[in-house]
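Structural characterization, general
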Amino acid sequence: MRRLLALGVAAGLAVIVAVPGAAHAAGSPSPSASGSSSASPSTSPSASASPTRPASSSPTPAKSTTPNNTASHSASVTARGPHMYIPGTANSHYKTASTVTVSQTTSLVNQMVQVSWTGFTPSSQPTYDNTSTDYPVMVAQCKGTNPANPSQCYDATNGGTPASFGANGPGNTAYATTDANGTGKTDILLFTSVQNQFLGCDPKHPCSLVVVPSQGGDSLNYATPNCNNHGQDSQSLDLGQYAFLPSKSSPFSPNGYCSWKNRIVIPLYFAPTPNGCPLRAADFTAGGSPMLADAMTQWQTGMCQGGNSVELQYNSSINESEARTDVLSGLNDVAFTTQPVTGTGKHPYTYAPVAVSATSIAYWVDNSVTGQPKAGIKLDPRLVAKLLTTSYNFSNEGCPQAARGPFGCDNAVDNNPLNLYADPEFRKLNPSVWRNAAQPSGYEIPTVVSGNSDMTWVTTSWIAADKDAAGFLTGQFDPWGMHVNTYYLGVKYPTDSFLPMDPYFPLSSQYSPVYPLATVSKDQAENIQPGTMDTRDTTTGNYDALPPQVPGNRDLWAITDQAGAARFLFPTAAIQNHAGKYIQPTMQSMAAAVKDMTVNPDGITRSVNYSSNDPAAYPLTMVIYAVVPTGGISATKAAKIAQFLDFVASQGQQTGTSPGNLAPGYLPLPQSLRQQTLAAAYKVLHQTGNSQKPAGSGSPSHSPSASASASASPSKPASASPSASGSASRAPTAHAIAISFSHPDATGMSWIVLALLIAGAVLILAGPGALVYASPAARAAIGSGARRIRRLGNISRNRPGASRPRRGRVSRRIWRRNP
């Protein structure tokens, strides 16, 4: 019996000791027989698997004491307002209360939101003018959640005149009108404390939007203005120049007292940013793909939460080509890019898809009659080529028709249409858009990013793939007789940079690429056309910057990223794909384009298939990849890069505005691309590209796959896949990372481990149990206890969240390898 006791204890200990190895072996992805970088289908995450969403960190809104404000704390808010005055009556008000709706009020950043209203007093005309429009509307951003007077709001005390720039930066107060049916809308650009210190809006300091409807009322010569007396409204008391001035209840400065009294206040709550994360040394450095910046902001904020956080130093201002160079030289650990890397580097590398987005052609084209932005514009590749080559005869300054002025004339655009809206090709595609289009300057010169850019490469590749656009660039006339600006004749597309080539000063002064990419969206949001005036300021002698265009009279174009377009609510053009359809950048159209993409020679990265006849595909869709090292870095750094990739492939693909989510403007990675990301995480974690003996390992090194290192093939980067026989380099034995389960379909492994532990415990007790079990009474007691344990196990197994995954650690599928 003592031998049986010893045997049971020994067997139990052996099983328990074997548990970590069993868990490791069962949790590592098996390389495919072909050596592909994709994870094995049997271990890929479920298409329906989604990570646990983190709790929102937005503060609870303070209850407003403003009588007309009852906004709730939600993504979109509708607030009830007062009963507005019916114009032309003595003192009648609409029976239905007014409402104001704000499109987003939580997790806010520097972005646009749309404000709309119902039940307001109709304005006298569709366009706003502070000296002639009766009953206009002002929307201002203010300090705190219950501003007591207009001085607590930014740029809201100057008599309804839109301010272009002030002591605290550009103005953002919006002015609009109300239709005859009592409805209206406007967009307003929100500032955080980074853009405007006066407002100071951040996660700890909520702000508010104040909607002020001009309501007239007799506020002259009264200690307390009589807001029920509208006899003086027609004498300018309902105009913006009076209604939107500071108000006091006194005979000396009543001003806009009645309008401010009817204000509607909606609180605004701002998102945490990486700047709010605890300061510590970066785990690794990264740069490139400026179009990834919005996603990275939310990811970095999410990753800094929890005990096992990831801290990366990301530079979004450097372009992709610079990032590719930096990662090859070892200056950065990770590069973000759409175009593949060429050449060899300090470390072997592979690619991990992290995001899908697109290049968008954004515009503000206001209707000069209604003052509202136009939408639904269509552009084909040749029209975009005309804009990028400034081929229009702007302001009739082409030779020989133009009278010789201070700059002569521009012979390069002779006999061409005056502008985009006069182009028969644009008119044919947009029969209702070109009419009444505002033209404040007469120049449609797109705002584009300066320097090299993968976005520029994709845009010009789309143009070059179209025979009509390509022919136009080589000198072919379009069907209506328009030719390319001859300074651009023969320009080679595709190219990765836009270079102004026409020296005619009015054009060269206004065609001004900006840097970095974020500035493109910023200028478009602030209604700024880059460049300078073509005449000197008589006082300073300088060429002043072009002033911001006034909403309601804008004609602005930009080539930007879809995340920026989504954040600032830009209208985006529907562009022509190879099937002849005009498609806007949407989740569906980007997904269709990804499905049609061609795989590059490296076997991983993909490029847009411009010859695809898929009618649903948006042709400027882009997949952004992380170029990650598969050898030559420390185990600690490898673990953190792998953890980052695992985070991106799981929670980072959950669309939303909370920290850790995928920001608006990005398509969640399709399942096949997520598998590639997890496969790349495995290669980084285990440093499969290493051909040297891993540091700290006492085992002989194993040979990597023949295609494991980028240095193995100078002509193209290769996947660092382990070989089919599992002969990848042994992973470093010391790494500060724990096994967790990032995907719901991975939780079954925890029961395997639990079963092994229970088996070990049973064997340890088997020896003593045999002695006890010889007694019939003991056998009965043991049977009863076993049944109780089984019931408790069923309860534990079925309780909600019993095997809920934890965030911030590497998925078990990164650890899986061949048995």
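Residues numbered from 1 in each chain as written. Predicted model: local features only at pLDDT ≥ 70, side-chain atom pairs only at ≥ 80, totals over all residues. Heavy atoms only, no water.

1. Description of the overall build of the protein chain
What counts here: Secondary structure is summarised from DSSP: a helix means a run of H or I of at least four residues, a strand means a run of E of at least two, and numbering begins at the N terminus for each. Classification of residues uses two cut-offs on accessible area relative to the type maximum, computed with a 1.4 Å probe and protein chains only: under 20% is buried, over 50% is exposed, and between them is partly exposed. A contact between two residues is defined here by any heavy atoms of the two lying within 4.5 Å.
Counting secondary structure elements, the protein chain contains 17 helices and 23 strands. Per-residue burial over the protein chain gives 53% buried out of 819 residues. In the protein chain, 73% of the contacts between residues at least 6 apart in sequence involve partners at least 24 apart.

2. Observations concerning the nonpolar core
Selection criterion: Only buried residues count toward a nonpolar core. Its members are Ala, Val, Leu, Ile, Met, Phe, Trp, Tyr and Cys residues joined through side-chain atoms within 4.5 Å.
Leu292, Trp299, Phe336, Val354, Leu379 and Leu645 are the most contacted members of the largest nonpolar core, which totals 108 residues. No other element matches the ten residues that strand β14 (residues 349-365) contributes to this core. Leaving out residues up to four positions away in the same chain, Leu645 has contacts with Ala352, Val354, Ala626, Val628, Thr677, Ala680, Ala681 and Val684. Membership of the second largest hydrophobic core comes to 36 residues, among which are Val102, Ile188, Leu199 and Leu268.

3. Thoughts on the environment of Ala574
Following the sequence through the fold, Ala574 ends up in strand β17 (residues 574-576). According to the relative accessible area criterion, Ala574 is buried, its value standing at 10%. Note: C-alpha distance between Ala574 and Ala362 (212 residues apart in sequence) is 9.9 Å. With near-sequence residues (within four places) excluded, Ala574 lies in contact with Ile377, Lys378, Leu379, Tyr582, Ile583 and Gln584.

4. Considerations on the packing of helix α4 (residues 293-303) against helix α14 (residues 635-649)
Formally: Working convention: axes come from line fits to C-alpha atoms, limited for helices to the stretch in contact. Angles between N-to-C directions cover 0 to 180 degrees. Note on terminology: angles under 35 degrees are roughly parallel, angles over 145 are roughly antiparallel, angles of 65 to 115 are roughly perpendicular, and the others are oblique. With the far helix as reference, a near helix turned anticlockwise by less than a right angle produces a left-handed crossing, and one turned clockwise produces a right-handed crossing.
Close contact between α4 and α14 brings their axes to 11 Å; oriented N to C, the two are set at 115°. Judged by the inter-axis angle, α4 sits roughly perpendicular to α14. Seen along the crossing, α4 lies across α14 with a hand that is right-handed. For the pair α4 and α14, contact is made by Met296, Trp299, Gly302 and Met303 and by Phe644, Phe647 and Val648, respectively.

5. Considering the state of the cysteines
Cut-off, in case you're wondering: Cysteine sulfur atoms that pair up within 2.5 Å are treated as a disulfide.
Inspection of every chain in the model, using the stated rule, returns five disulfides. Shown here is the disulfide that connects Cys201 with Cys207, its sulfur atoms set 2.0 Å apart. Taking the sign of the S-S torsion, -105° for the link of Cys201 and Cys207, the bridge is left-handed. Cys201 sits in the buried class, given a relative accessible area of 0%. Overall, Cys207 belongs to the buried group, its relative accessible area being 0%. Two residues, Cys399 and Cys409, share a disulfide whose sulfurs are 1.7 Å apart. Judged by the sign of its S-S torsion, about 100°, the bond between Cys399 and Cys409 is right-handed. In this pair, Cys399 sits in the loop between α6 (381-388) and α7 (424-429) while Cys409 sits in the loop between α6 and α7, placing the two residues ten residues apart along the sequence.

6. Regarding a nonpolar patch on the surface
To keep things clear, this is the line we draw: A patch consists of residues whose relative accessible area exceeds 30% and which take part in no salt bridge; residues with like charges are grouped when within 9 Å of each other, and nonpolar side chains (Val, Leu, Ile, Met, Phe, Trp, Tyr) when within 5 Å. Computed by Shrake-Rupley with a 1.4 Å probe, the accessible areas treat only the displayed protein chains as cover when residues are assessed. By convention in these notes, a salt bridge is any Lys or Arg side-chain nitrogen within 4 Å of a carboxyl oxygen on Asp or Glu.
On the surface, Tyr487, Leu499 and Met501 cluster together into a nonpolar patch covering about 300 Å² of accessible area. Positionally, Tyr487 belongs in the loop between α9 (467-473) and α10 (505-508).

7. Regarding the packing of aromatic side chains
Going by this rule: Stacked, edge-to-face and tilted are the three classes for Phe, Tyr and Trp ring pairs, Trp counted by its six-membered ring, which pair at centre distances within 6.5 Å; planes under 30 degrees apart are stacked, over 60 edge-to-face, the rest tilted. Geometrically, a charge over a ring is one whose NZ (Lys) or CZ (Arg) sits within 6 Å of the ring centre while staying within 35 degrees of the ring normal.
Summed over all chains, the structure comprises 19 aromatic pairs. Seen in terms of ring centroids, Trp364 and Phe570 are 5.7 Å apart; in terms of plane orientation they differ by 90°. Their pairing is edge-to-face. Of this pair, Trp364 sits in strand β14 while Phe570 sits in the loop between α12 (562-567) and β17, placing them 206 residues apart in sequence. Each of the two residues, Trp364 as well as Phe570, counts as buried. Every member of this aromatic cluster is reached through a ring pair, and the members are Phe284, Tyr314, Phe336 and Phe644. When the ring centre of Phe198 is taken as reference, the NZ or CZ atom of Lys143 above it lies at 4.3 Å. The ring of Trp434 has Arg427 lying over it, and the distance from NZ or CZ to the ring centre is 3.5 Å.

8. Quick word on the sheet that holds strand β2 (residues 99-102)
Stated formally: In this scheme, strands are said to pair when DSSP sees at least two bridges between them.
Strand order in the open sheet made by the four strands is β1-β2-β3-β8, with antiparallel pairing throughout. Edge positions in the sheet fall to β1 (77-80) and β8 (184-189), since each of these pairs with one other strand and no more. Each strand of the sheet is rotated relative to its neighbour by a mean of 20°, with strand direction disregarded. The pairing of β2 with strand β3 (residues 112-118) spans four bridges and is antiparallel. When the bridges of β3 are listed, Val102 appears paired with Val115.

9. Brief notes about the pattern of salt bridges
Side-chain pairing between opposite charges can occur once the charged atoms of the two side chains come close. Per the stated rule, a full pass over the model turns up 13 salt bridges. Between Arg280 and Asp283 there is a salt bridge, with the nearest N and O atoms lying 3.0 Å from each other. A relative accessible area of 38% means that Arg280 is categorised as partly exposed. By relative accessible area, which is 17% here, Asp283 ends up buried. The partner of Asp468 in a salt bridge is Lys467, with the nearest N and O atoms 3.6 Å apart. When its relative accessible area of 35% is taken as the criterion, Asp468 is described as partly exposed.

10. Regarding the pairing of strand β21 (residues 621-629)
With nine of its nine residues buried, β21 lies for the most part within the structure. The side-chain alternation of β21 yields two buried faces, one formed by Thr621, Val623, Tyr625, Val627 and Pro629 and the other by Met622, Ile624, Ala626 and Val628. Both strand β13 (residues 334-337) and β21 contribute to a ladder of three bridges, which runs antiparallel. Within β21, the residue paired with Ala335 across the bridge is Val627. Sheet topology note: the β14/β21 ladder contains nine bridges and is antiparallel. Residue pairing in the sheet places Thr350 in a bridge with Val628 of β21.

11. Some details on the side chain of Asp333
Going by this rule: Polar contacts here mean pairs of N or O atoms no more than 3.5 Å apart (in protein, one a potential hydrogen donor and the other a potential acceptor; neighbouring residues in sequence count only if both atoms are side-chain atoms).
Assignment of secondary structure puts Asp333 in the loop between α5 (320-329) and β13. From its side chain, Asp333 meets the backbone nitrogen of Thr285 in a polar contact 2.9 Å long. Other than its neighbours up to four places away in sequence, Asp333 contacts Phe284, Thr285, Val327, Val627, Pro629, Lys637 and Ile641.

12. Some details on the sheet that holds strand β15 (residues 378-379)
What holds strands together in a sheet is hydrogen bonding between their backbones, with the strands either parallel or antiparallel. One open sheet holds the three strands; their spatial order is β15-β17-β18, and the pairing between them is mixed. This sheet does not close on itself; its edge strands, each paired only once, are β15 and β18 (582-583).

13. Remarks on α5
Taken together, the buried positions of α5 are occupied by Glu320, Ala323, Arg324, Asp326, Val327 and Leu328. Check the buried side of α5 and you find it contacts β11 (284-288), β13, β14, α8 (454-464) and β21.

14. Focus on the pairing of strand β9 (residues 207-213)
Along β9, seven of the seven residues are buried, which leaves the element largely enclosed by surrounding structure. Burial along β9 is two-sided: Cys207, Leu209, Val211 and Pro213 and Ser208, Val210 and Val212, pointing in opposite directions, are all buried. Strand direction decides the pairing type here: strand β4 (residues 137-143) and β9, joined by seven bridges, are antiparallel. Its bridge partner being in β9, Cys142 is matched across the sheet by Ser208. Where β9 and strand β10 (residues 264-268) come together, five bridges link them in antiparallel fashion. Among the inter-strand pairings, Ser208 is bridged to a residue of β10, identified as Pro267.

15. Remarks on the confidence of the model for the protein chain
Operational definition: Every residue is assigned a pLDDT by the predictor, reflecting its confidence on a scale from 0 to 100.
Looking at the protein chain, pLDDT values average 79 and 73% of them are 70 or higher. Scored below 50 in pLDDT, residues 1-74 makes 157 contacts in the model with residues more than four places away or belonging to other chains. The low-confidence segment residues 815-819 (pLDDT under 50) makes 31 contacts with residues lying over four places distant or belonging to another chain.

16. With respect to unusual backbone geometry
With an omega of 5°, the peptide bond running from Tyr493 to Pro494 counts as cis. Relative to the assigned elements, Pro494 resides in the loop between α9 and α10. Across the junction of Tyr515 and Pro516, the peptide omega takes the value -5°, indicating a cis bond. In this structure, Pro516 sits in the loop between α10 and α11 (517-525). Its identity as a non-glycine residue notwithstanding, Ser289 has a phi of 40°, on the positive side. Along the chain, Ser289 falls in the loop between β11 and α4. Positive phi, normally seen in glycine, also occurs at Asn415, with a value near 65°. Within the element layout of this structure, Asn415 appears in the loop between α6 and α7.

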